Amino acid sequence: MADLTVQEQVELIREVFSYANRFQNSTFVIQLDYAILAQESLPDLVKDLVLLRQTGIQIILVPGARGRIDEVLTRYGIPWELHKGVRIATPEAIPFIKMAAFDTANTLLTHLTANSANAVIGNWVKARAHGVRDGIDFQESGIVERIKIDQLRAVLDQGIIPVFPCIGWSAGGRPYNVSSRQLAATLAAELHADKLFFITDAPGLFANEFTVPEGIDLTTEGRVSRMTVNEAREFIDSNPGHSAETMYELIELAYASSIHGVERVHILDGRINGVMLKEIFSNLGMGTMVHANIYQSVRAMRPEDVPDVYRLMRPLVDQGILVQRSEDHLSETFGDYVVYETDGTIHGCAALHQYGGGVAEIAGVAVDTRYSHLGIGHKLISFLINKSKRLGLSRIIVLTTATVDWFRALGFHEGTRADLPADRRSPYDEGRRSRVLVLDLG
Ligand SMILES: CC(C)(COP(=O)(O)OP(=O)(O)OC[C@H]1O[C@@H](n2cnc3c(N)ncnc32)[C@H](O)[C@@H]1OP(=O)(O)O)[C@@H](O)C(=O)NCCC(=O)NCCS
């Protein structure tokens, strides 16, 4: 701060406070490559991570151990092979791989302890064998199958920093070597993390090394500073020849996490002092970020969507949760509906029916159960709330039998039949005994 004027220092402090408030109770998953863990600057990086925890951000650390595993296997004279960047872990190598993975996690734990942070290494990863691919048996290399999320949340709720070595276990306790990057991406998706970080020893993705989507945001030195999820998809499709490269792998994982609800994925150069704080608490933008445009998957319903929307609603109608709507009715009212679509498939829908007097009703909200808990419902509703605001409406009502708490969490409060517009009161179905919820748009 010595080079800054007093006014600049004040501005900086203001900026930090505003960001700190914004991220209270957020969840960040942070994967650190071994190349960074082996740097002399590691104590500074860990100090910054502990500061993040102290500002109320839940952090989860996933140290990579690739370099350490190489060192240990070399030292004990155990040969190894890679196929498409994945290590083939032999039964002979796995005890040494485990040792190296825990050694790396311990190094991180030691630095966290030096900063008075509470941290714990856990066995929350269920894995299964990678199996035989391209005719190659990956033996004891595994892929992440499931994370014990409830146990992990219990640790996070106590303010403890969980540290994940790159090992997962089968139900019978057999250890597998898993990729720390894949593990971090799975963790972020399952926790619905606000951010996922890949801390590497590279300064980000450079446009001159790959085919990048047209019009993408570049810095003066040619670094891709940010891309949307759609641009990330385009990047993946246009660079198949680079699939074994780190940046390609990271963008692929960033894309996969983003479509599962992680809002932002940051690829940062951990050699830069303070890189995490700069990225989070300022608007400088240090590496390459893949971000979800939260509304990108919500679009107006089209007539050709009617059969898909009908199919989506049917099981909910059968369970008595939604009111019956025929395909004809959907064809007549499709203009009121929005759908949530990814990769050409509709996973959710919702309608905004307008009445006179600035009042509209949100209805027909449905999310495919296979895609529930991914925030799709919230995105549909917040899209319709924003639309209502743009239309200058003053009130939204909802009639529901089974989803009162869910709408309450979105800011709705309980109303009565008297809150319904006159032309909605008569078709109100007494038999369903729906509850009336209201959102005033101020
Ligand atoms: C309600 C519904 C739209 C939620 O969709 P979704 O995409 O899973 O919702 P989100 O991911 O945005 O939110 C999920 C959260 O809401 C909570 N939730 C889901 N259904 C709920 C309900 N009926 N009551 C209270 N909370 C509920 C979940 O516990 C979840 O929390 P978690 O992620 O911390 O576990 C979906 O479950 C659905 O289609 N339900 C049946 C149709 C319906 O009731 N429509 C509303 C009447 S018009």
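Residues numbered from 1 in each chain as written. Predicted model: local features only at pLDDT ≥ 70, side-chain atom pairs only at ≥ 80, totals over all residues.

Asks: Break down the domain arrangement of the chain for me, with residues and values.
Replies: A common way to report how large an interface is uses the accessible area buried once the components associate. Along its sequence, the chain is carved into domain 1 (6-291) and domain 2 (298-440). Here the C-alpha centre of domain 2 lies 38 Å away from the C-alpha centre of domain 1. (Domains from an automatic or database assignment.)

Asks: Talk me through the packing of helix 8 (residues 229-238) against helix 9 (residues 246-259); I want residue IDs and the actual numbers.
Replies: At a minimum axis separation of 9 Å, helix 8 and helix 9 run at an interaxial angle of 140°. Taken as axis vectors, helix 8 and helix 9 run oblique relative to one another. Once helix 8 is placed against helix 9, the crossing between them reads as left-handed. From helix 8, Val229, Ala232, Arg233, Phe235 and Ile236 reach across to helix 9, where they touch Ile251, Glu252, Ala254, Tyr255, Ser258 and Ile259. (Axes fitted to C-alpha atoms, helices over the stretch in contact; angles between N-to-C directions. Helix = DSSP H or I, 4+ residues; strand = E, 2+ residues; numbered from the N terminus. Parallel < 35°, antiparallel > 145°, perpendicular 65-115°, else oblique. Left-handed = near helix turned anticlockwise from the far one by under 90°. Contact = placed C-beta atoms within 7 Å.)

Asks: Could you give an account of the environment of Val155, with specific residues and numbers?
Replies: For Val155, the location among the structural elements is in helix 6 (residues 149-157). According to the C-beta neighbour criterion, Val155 is partly exposed, with 18 such atoms within 10 Å. With 33 residues separating them along the chain, Val155 and Gly122 place their C-alpha atoms 9.7 Å apart. Residues in contact with Val155, not counting those within four places in the same chain, are Val120, Gly122, Ile160 and Pro162. (Buried ≥ 20, exposed ≤ 12 C-beta atoms within 10 Å, placed from the backbone.)

Asks: Residues and numbers for the site of the ligand, please.
Replies: The local shell around the ligand holds 19 residues, among which Val367, Ser372, Gly377, His378 and Asp405 are the closest. Secondary structure elements with two or more residues in the shell around the ligand: strand 21 (359-367), helix 13 (376-390) and helix 14 (404-409). The element best represented in the shell around the ligand is strand 21, accounting for four residues. In terms of residue class, the shell around the ligand is built from eleven nonpolar, seven polar and one charged. (Near = placed C-beta within 6 Å. Nonpolar A, V, L, I, M, F, W, Y, C, P; charged D, E, K, R; others polar.)

Asks: Account for the sheet that holds strand 23 (residues 413-414), naming residues and giving values.
Replies: Across the sheet, which stays open at both edges, the seven strands sit in the order 18-19-20-21-22-24-23 with mixed pairing between neighbours. In this open sheet, the two strands that pair with only one neighbour each are strand 18 (298-300) and strand 23. Relative to strand 21, strand 20 (residues 345-354) is paired through six bridges, and the arrangement is antiparallel. Within the sheet, the bridge partner assigned to Ala351 lies in strand 21 and is Ala363. The sheet strands contacting helix 13 are strand 18, strand 19 (337-342), strand 20, strand 21, strand 22 (395-400) and strand 24 (435-440), and the helix crosses strand 20 at an angle near 30°. (Pairing = 2+ DSSP bridges.)

Asks: Run through helix 11 (residues 306-318), naming residues and quoting values.
Replies: Think of an α-helix as 3.6 residues a turn; residues three or four steps apart then line up on the same face. Given a rise of 1.5 Å per residue, 13 residues ought to cover 18 Å, and the 18 Å separating the end C-alpha atoms of helix 11 matches this to within 8%. At Leu312, helix 11 shows its largest kink, close to 30°, and the proline Pro315 lies no more than four residues downstream. Val309, Leu312 and Met313 are the residues of helix 11 that are buried. Residues of helix 11 that are buried in the fold lie against helix 12 (327-333), strand 19, strand 20 and strand 21. Following helix 11 by one or two positions, Gly320 has its phi on the positive side, about 80°. (Expected span 1.5 Å × (residues − 1). Bend = angle between axes of the 7 residues up to and from the residue.)

Asks: Before we move on, could you go through the confidence of the model for the chain and cite the residues and values that matter?
Replies: With 94% of its residues at a pLDDT of 70 or more, the chain has an overall mean of 90. Between the elements of the chain, mean pLDDT differs from a low of 71, seen in helix 1 (residues 6-22), to a high of 98, seen in strand 10 (residues 161-163). (pLDDT = per-residue confidence, 0-100.)

Asks: I'd like to hear about helix 4 (residues 66-75), residue by residue, with values.
Replies: Within the sequence span of helix 4, burial applies to Arg66, Arg68, Ile69, Val72 and Leu73. Projected down its long axis, helix 4 carries its buried residues within an arc of 160°, all on one side. Turned more than 90 degrees away from the buried face of helix 4, the exposed residues are Thr74 and Arg75. Taken together, the buried residues of helix 4 touch helix 2 (34-37) and helix 5 (94-114). Backbone geometry just after helix 4 places Gly77 at a positive phi near 65°. (Arc of directions from axis to C-beta.)

Asks: Describe the pairing of strand 1 (residues 27-32), listing the residues and the values that go with them.
Replies: Looking down a regular strand, the side chains alternate between one sheet face and the other. Burial analysis of strand 1 places six of its six residues in the buried class, the great majority of the element. With burial as the criterion, each face of strand 1 is covered, one bearing Thr27, Val29 and Gln31 and the other bearing Phe28, Ile30 and Leu32. Here six bridges tie strand 1 to strand 2 (residues 58-63), and the two strands are oriented parallel to one another. Residue pairing across strands places Phe28 opposite Ile59, the latter belonging to strand 2. In this sheet, strand 13 (residues 195-200) lies alongside strand 1 in parallel orientation, the contact comprising five bridges. Each residue of the ladder has a partner; that of Val29, found in strand 13, is Leu196.

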